[in-house]
Amino acid sequence: DNVVSTFFQDEIALNKDSLHLIAGAKFEHNHYTGFEYQPNLRLRWKIDGQRTAWAALSRAVHTPSRTDANGLITSTAFPGAGGMANVLQLQSNTAIQPEHVLAYEAGYRIRPNAHTQMDVAVFYNEHKNLMTIEPAAPYLVAGSPAYRVLPRLFYNRASATTHGLEWSGNWRPNDKWQLKAAYTLLKMAIRRDADSGDTSIENEVGRSPQNQFQFQVFHSPAANLDLSAALYYVDKLPSLNVPAYTRLDARVGWKVRRDLELSLTGRNLLDASHAEFINPSGPRTAEIPRSVFGAATWRF
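It should be emphasised that the depicted structure is a prediction, and the values quoted were computed from it without experimental measurement.

Looking now at the overall build of the protein chain. Regarding its fold elements, the protein chain presents one helix and 18 strands. Over its C-alpha trace the protein chain gives a radius of gyration of 26 Å, far above what one expects of a compact globule, namely 19 Å for 300 residues. Seen through its C-alpha atoms, the protein chain measures out along the principal axes to roughly 80 × 55 × 40 Å. Burial analysis of the protein chain (300 residues in total) assigns 28% to the buried set.

Here it is, written out as structure tokens:
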């Protein structure tokens, strides 16, 4: 494979220190799809010393791999009619095209004082040329014994939109306390083309959590003692039959000396174990267990 790429970026002050435009692009020529371009435009407006707004427009490309363009994978075999074996094969497509996304983003940051900061961002993405796995006409392979091949080929016969928001906040009322929180919302919609026979790509909607939340507390009651706790919530993955879960982590750190710290950390304290993801094409992924461990850190 031969890949040639170049990248440039420039930041332009449109109005002294308050309004800046960042323009850049990556240009690439690859072995499978030829010339590709990925531009990025970002506008930042510093409203005042406490508030900043920004917006961005970007295009990104996912080029095919060697497997997509030149691969042949026999995934499974099973008995068919008349006792003849059926062999399911995933076959490449030299005409496969790159997937690409056009991303629209906007955000706002406010820092009303030295102790408080909040960020919010919204996004909307248009995904085109999504890769699908399409069934093709079965055929027989002569041999001893003969078998029937059920081919599945790569095509670009789907599109999608994703949109949502991300929010984060940080509050430090004094030197001993710090509180952080964050929330993410993700909405997905996948559409197959009229000529697509793929029966699995629409399940991708249920393989990413729609809601995620985290809350963290840091406390230093003494100069040599650090306490922290973090609570996480992750929404269900309906396509994988993974339920939502809530996770709690906690840590105690004691600075015995300036260069030595002892700590005790507990993770996943609310459950004996829970699943976070399942690989549908392979062995079931192991669940995440509750764990408690100690550590000694020596800095020199």
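There's plenty left to go through after this.
Okay, the pairing of strand 12 (residues 211–222) next. As judged from the nine bridges shared by strand 11 (residues 177–192) and strand 12, these two strands associate in the antiparallel manner. The partner of Ala 181 across the bridge, within strand 12, is Phe 215. In terms of strand pairing, strand 12 meets strand 13 (residues 225–234) through nine bridges, oriented antiparallel. Note on strand 13: the bridge partner recorded for Val 217 is Ala 229. Linking strand 12 back to strand 13 in an antiparallel pair, the connection comprises two residues.

Along the polypeptide, Asp 259 turns up in the loop between strand 14 (245–257) and strand 15 (260–267). For the pair Asp 259 and Thr 297, spaced 38 residues apart in the sequence, the C-alpha separation amounts to 7.9 Å. With residues up to four places along the chain from it excluded, the contact list for Asp 259 reads Thr 297, Trp 298 and Arg 299. At 3.1 Å, the side chain of Asp 259 and the side chain of Arg 257 are in polar contact.

Tracing the chain through its elements places Pro 112 in strand 7 (residues 99–113). For the pair Pro 112 and Ser 196, spaced 84 residues apart in sequence, the C-alpha to C-alpha distance is 52 Å.

Attention shifts here to the pattern of salt bridges. Under the counting rule described, the total for this entry stands at 11 salt bridges. For the salt bridge of Asp 48 with Arg 51, the shortest nitrogen-to-oxygen distance reads 2.7 Å. Using a relative accessible area of 26% as the deciding quantity, one classes Asp 48 as partly exposed. Across the pair Arg 257 and Asp 259 runs a salt bridge whose closest N-O atoms are separated by 3.1 Å. Given a relative accessible area of 24%, Asp 259 falls into the partly exposed group.

Let's shift gears to unusual backbone geometry. Each neighbour pair has its own omega, and for Ser 144 with Pro 145 the value is 5 degrees, a cis peptide bond. By the element assignment, Pro 145 lies in the loop between strand 9 (139–141) and strand 10 (147–174). Phi at Lys 16 is positive, roughly 55 degrees, even though this residue is not glycine. Here Lys 16 lies in the loop between strand 1 (4–15) and strand 2 (19–30).

What follows covers the side chain of Glu 28. When you line up the elements, Glu 28 lands in strand 2. Judged by its relative accessible area of 13%, Glu 28 falls in the buried class. When sequence neighbours within four positions are dropped, the list of residues in contact with Glu 28 reads Val 3, Val 4, Ser 5, Gly 34, Phe 35, Glu 36 and Thr 63.

Cut-offs applied
Residues numbered from 1 in each chain as written. Predicted model: local features only at pLDDT ≥ 70, side-chain atom pairs only at ≥ 80, totals over all residues. Heavy atoms only, no water. Helix = DSSP H or I, 4+ residues; strand = E, 2+ residues; numbered from the N terminus. Rg over C-alpha atoms; globule rule 2.2 N^0.38 Å. Buried < 20%, exposed > 50% of the residue type's maximum accessible area, 1.4 Å probe, protein only. Pairing = 2+ DSSP bridges. Contact = heavy atoms within 4.5 Å. Polar contact = N/O pair within 3.5 Å; in protein donor to acceptor, adjacent residues only side chain to side chain. Salt bridge = Lys/Arg side-chain N within 4 Å of Asp/Glu carboxyl O.

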